[in-house]
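One-letter residues, chain by chain:
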Amino acid sequence: MTQIDSINAGHPTDRTPWRTELAATLKLSWPLALANILQMLTYAVDVIFIARLGEAPLAAAALAVSWFGMLLWALSSLVGAVAPIIAAELGERAPALRPIRRATRMALWLAVIVGIAAMAACMAIVPIARATGQQPEIIALASEYMIVIIWSMIPMLLAAVLRNFVSTLGRPIFATAISALGIGVNALANYAFIFGNFGAPELGLQGAAIATIITALFTLGCYIIAIRLDRNMHRYHIFGRWWSPDWARLWSILKIGTPIALTVSAEAGIFGAAAFLMGNIGTPQLAAHTLALQIAALAFQVPFGVSQAATIRVGYFYGARDKDGMKRAGWSAMVVGTGFMAISCSAMILMPRTLLHIYVDPDAAKNAVLVGFALQYLVIAAAFQLVDGLQAVAAGALRGLQDTRVPMWIAIFAYWVPGFGVAMWLGFWTPLEGIGVWIGLATGLAVAAVLLTWRWIRRDAIGLTERGTKQAQ
């Protein structure tokens, strides 16, 4: 049985009914979504431990991670362009050992190259923080944290490539298991290095950064071992002749992945910019924003996993030149993604204090101001859950068609014109302040959802489903 068979229960050219396609999408989505949630819980562990250090360290870490995370997320998406390439190769001529090996090798090369550049870019956090009017104490703490955490960048990007490799080849459960193990490693490392337990030095905020490095190296090692031990994946020998270049495939990854990275930067950038806006409004508002955003981001990991599945499923059918399959794969993913977001929306409205309890004690007097702001922001977060899920899955489906350039411009426009514009206006020129910033975030996501879904609807009319033709305008 091939890797395609393990997900499709048949070759992608089979005319499977909608129910079968929905089941196949769920089968691929749930381990990816769970892996994403577990990855977010790994980050949540950092927030939980850092929050015990006080508001200032939490705010500083939020500023640093807003920049570090944006770069990491964008570059992970860049190297993650190997997924639709692998999927299309499998759809056309599985098992496609040689082209998949070479594509993965070039993605690993790219991860190291852009990772080095990202480490240098991370140090811009100090001038960025100063230019946006952050408090000197917060800037100093953020700089200390960033100097350490940048060393986790390259192993995280390498692990991102390997995660896409194992998932596209029908082993997404490996990503789930490795992410679950990473939570335990991160928690132990945070406990040791932040507070000086198990004989480790007490390093405070820098200890949290060291814990991130340890977790990143552990995760990368687990992927390498898993690939080596799995017979089907090991036969690709992706680490063999690692020095041998394939410039054509490197260019393909860059051509598809660069617009994805810019798309992600546009989205991550507006959330990062929101953190700087909140820092100008006040430290309690920034800390509350961090907690509310953590909850919203945790819920987003499910449709994000569905979008990854959509890229793979649509990509298989794209490689097989099966337009009906592309249609079923894309729409099935949208149903699954928006369905879950309706559930998470309800949870944020009906039980917000319970959700906040994951990170802080909402009943403690010292947290009263923080919790008050966070509860307000969660109401807005609930409102944009549906559109957030829809725009993510629509973008994932379009990536399966290797359509990334126009969606990039859609994202840049949606997030930074109506999105950031509304956030600035309501946040600084009306009494809404932090609530206004969150309304701006919701506006950007809604515009992106409408435009990306419309492009998916018109995929046949504008030639996106014709493999081998020039990308539609």
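Definitions and limits used
- Along each chain, residue indices are assigned from 1 in the same order as the chain's sequence is written.
- Where totals are concerned, whole chains, interfaces and linings use all residues; where local detail is concerned, this predicted model gives features only for residues with pLDDT of at least 70, and gives and counts side-chain atom pairs only at 80 or more.
- Calculation of side-chain values draws on the structure's entire complement of heavy atoms; hydrogens and water are dropped beforehand.
- Per the convention used, a helix needs a DSSP run of H or I reaching at least four residues, while a strand needs a run of E reaching at least two, with both numbered from the N terminus.
- Each residue is placed in one exposure class: buried if its accessible area under a 1.4 Å probe, protein chains only, is under 20% of its type's maximum, exposed if it is over 50%, and partly exposed if it falls in between.
- Contacts are residue-level and defined by heavy atoms, with any inter-residue pair within 4.5 Å sufficient.
- Accessible surface is estimated by sampling points in the Shrake-Rupley manner with a 1.4 Å probe; for residues, cover comes only from the protein chains shown.
- Charge convention: Lys and Arg are scored as positive, Asp and Glu as negative, and His as well as the terminal groups of each chain are ignored.
- Note that the charge is assigned to NZ on lysines, CZ on arginines, CG on aspartates and CD on glutamates.
- Helix span is expected to be 1.5 Å times the residue number reduced by one.
- A patch is a set of surface residues, each over 30% in relative accessible area and not in a salt bridge, joined within 9 Å for like charges and within 5 Å for the nonpolar side chains Val, Leu, Ile, Met, Phe, Trp and Tyr.
- Any Lys or Arg side-chain nitrogen located within 4 Å of an Asp or Glu carboxyl oxygen qualifies as a salt bridge.
- Throughout, an axis means a line fitted to C-alpha atoms (over the contacting stretch in the case of helices), and angles, computed between N-to-C directions, take values from 0 to 180 degrees.
- It is the rotation of the near helix from the far one that decides the hand of a crossing: anticlockwise by less than a right angle makes it left-handed, clockwise makes it right-handed.
- Any residue that is not Ala, Val, Leu, Ile, Met, Phe, Trp, Tyr, Cys, Pro, Asp, Glu, Lys or Arg is counted as polar, Gly included; the first ten are nonpolar and the last four charged.
- Computed over the protein atoms alone on a 1 Å grid, cavities are sets of points where a 1.4 Å probe fits but cannot get out and pockets are open sets with protein on both sides within 12 Å along at least five of seven lines; a residue lines them when it has an atom within 4 Å of a point.
- Grid points are joined across faces, edges and corners, and a volume is the space filled by probe spheres set on the points.
- Here a pair means two rings of Phe, Tyr or Trp (six-membered ring of Trp) with centres within 6.5 Å. Their orientation is stacked below 30 degrees between planes, edge-to-face above 60, and tilted elsewhere.

## Comments concerning the overall build of the chain
Link 1 in the chain: Assigned secondary structure in the chain consists of 19 helices and zero strands.
Link 2 in the chain: With respect to the principal axes defined by its C-alpha atoms, the chain has extents near 60 × 50 × 35 Å.
Link 3 in the chain: Per-residue burial over the chain gives 60% buried out of 473 residues.
Link 4 in the chain: Pairs at least 24 apart in sequence give 83% of the contacts found in the chain among residues at least 6 apart.
Link 5 in the chain: Roughly 18,300 Å² of accessible area belongs to the chain as shown, and the carbon and sulfur atoms make up 69% of that amount.
Link 6 in the chain: Here the chain holds 32 positive side-chain charges and 22 negative ones, and the gap between their average locations is 12 Å.

## Describing helix α17 (residues 385-400)
Link 1 in the chain: The terminal C-alpha atoms of α17, which comprises 16 residues, lie 23 Å apart, in line with the 22 Å expected from a rise of 1.5 Å per residue.
Link 2 in the chain: Taking burial as the measure, the 16 residues of α17 include 13 buried ones, the bulk of the element.
Link 3 in the chain: Looking one or two residues beyond α17, the residue adopting positive phi is Q402, at roughly 60 degrees.

## Brief notes about a nonpolar patch on the surface
Link 1 in the chain: A grouping of L53, L188, Y191, F195 and F198 is seen on the molecular surface, where their side chains present a nonpolar patch of about 480 Å² in accessible area.
Link 2 in the chain: A residue is classified by how much of its surface remains accessible, and L188, at 52% relative accessible area, is exposed.

## Focus on the packing of helix α2 (residues 18-51) against helix α13 (residues 283-319)
Link 1 in the chain: Two elements in contact, α2 and α13, have axes separated by 8 Å at closest approach and are oriented at 145 degrees. Relative to α13, the crossing made by α2 is right-handed.
Link 2 in the chain: For the contact of α2 with α13, the per-class residue count stands at 18 nonpolar, seven polar and two charged.

## Examining the layout of surface pockets
Link 1 in the chain: Taken as a whole, the second largest pocket encloses approximately 260 Å³ of empty space.
Link 2 in the chain: In terms of lining residues, the second largest pocket is bounded by A51, R52, G54, E55, L58, Y359, V360, D361, K366, N367 and L370.
Link 3 in the chain: Here the residues of the lining of the second largest pocket are counted per class, giving five nonpolar, two polar and four charged.

## Quick word on the environment of L188
Link 1 in the chain: With respect to the secondary-structure elements, L188 resides in helix α9 (residues 172-195).
Link 2 in the chain: Spatially, the C-alpha atom of L188 lies 44 Å from that of L451, the residues being 263 residues apart in sequence.

## As for empty space enclosed by the protein
Link 1 in the chain: Under the criterion given, the structure shown has four cavities of 30 Å³ or more.
Link 2 in the chain: Estimated volume of the second largest cavity: approximately 60 Å³.
Link 3 in the chain: Looking at the second largest cavity, the residues that line it are A59, Q134, Q135, I138, G279, G282, T283 and L286.
Link 4 in the chain: Of the residues assigned to the lining of the second largest cavity, the class counts are three nonpolar, five polar and no charged.

## A few points about the pattern of salt bridges
Link 1 in the chain: On inspection of all chains with the given rule, the structure shows nine salt bridges.
Link 2 in the chain: For E89, the salt bridge goes to R93, with nearest N and O atoms at 2.9 Å. With E89 and R93 both in helix α4 (residues 82-93) and four residues apart, the pair spans about one turn of that helix.
Link 3 in the chain: Classification of E89 by relative accessible area gives buried; the value is 10%.
Link 4 in the chain: K323 is paired through a salt bridge with E466; the nearest N and O atoms lie 2.4 Å apart. One end of the pair, K323, is in helix α14 (residues 323-350); the other, E466, is in the segment after α19 (434-457), with 143 residues separating them in the sequence.
Link 5 in the chain: Judged by relative accessible area, K323 falls into the partly exposed class, the value being 36%.
Link 6 in the chain: A relative accessible area of 35% places E466 in the partly exposed class.

## Description of the packing of aromatic side chains
Link 1 in the chain: Applying the stated criterion across every chain, the model contains ten aromatic pairs.
Link 2 in the chain: With 5.9 Å between their ring centres and 85 degrees between their planes, F165 and Y236 make a pair best called edge-to-face. Linking F165 in helix α8 (residues 153-168) with Y236 in the loop between α11 (231-234) and α12 (247-281), this pair joins segments that are 71 residues apart in sequence. We note that F165, like Y236, is buried.
Link 3 in the chain: Each ring, one from Y377 and one from W438, has its centre 5.9 Å from the other, and the planes form 10 degrees; the classification is stacked. One end of the pair, Y377, is in helix α16 (residues 368-383); the other, W438, is in helix α19, and 61 residues separate them in sequence. The same class applies to Y377 as to W438, namely buried.
Link 4 in the chain: One aromatic cluster in this structure is built from W73, F300 and F304.

Note that every value here comes from positions in space, so none of it alone points to a role or purpose.
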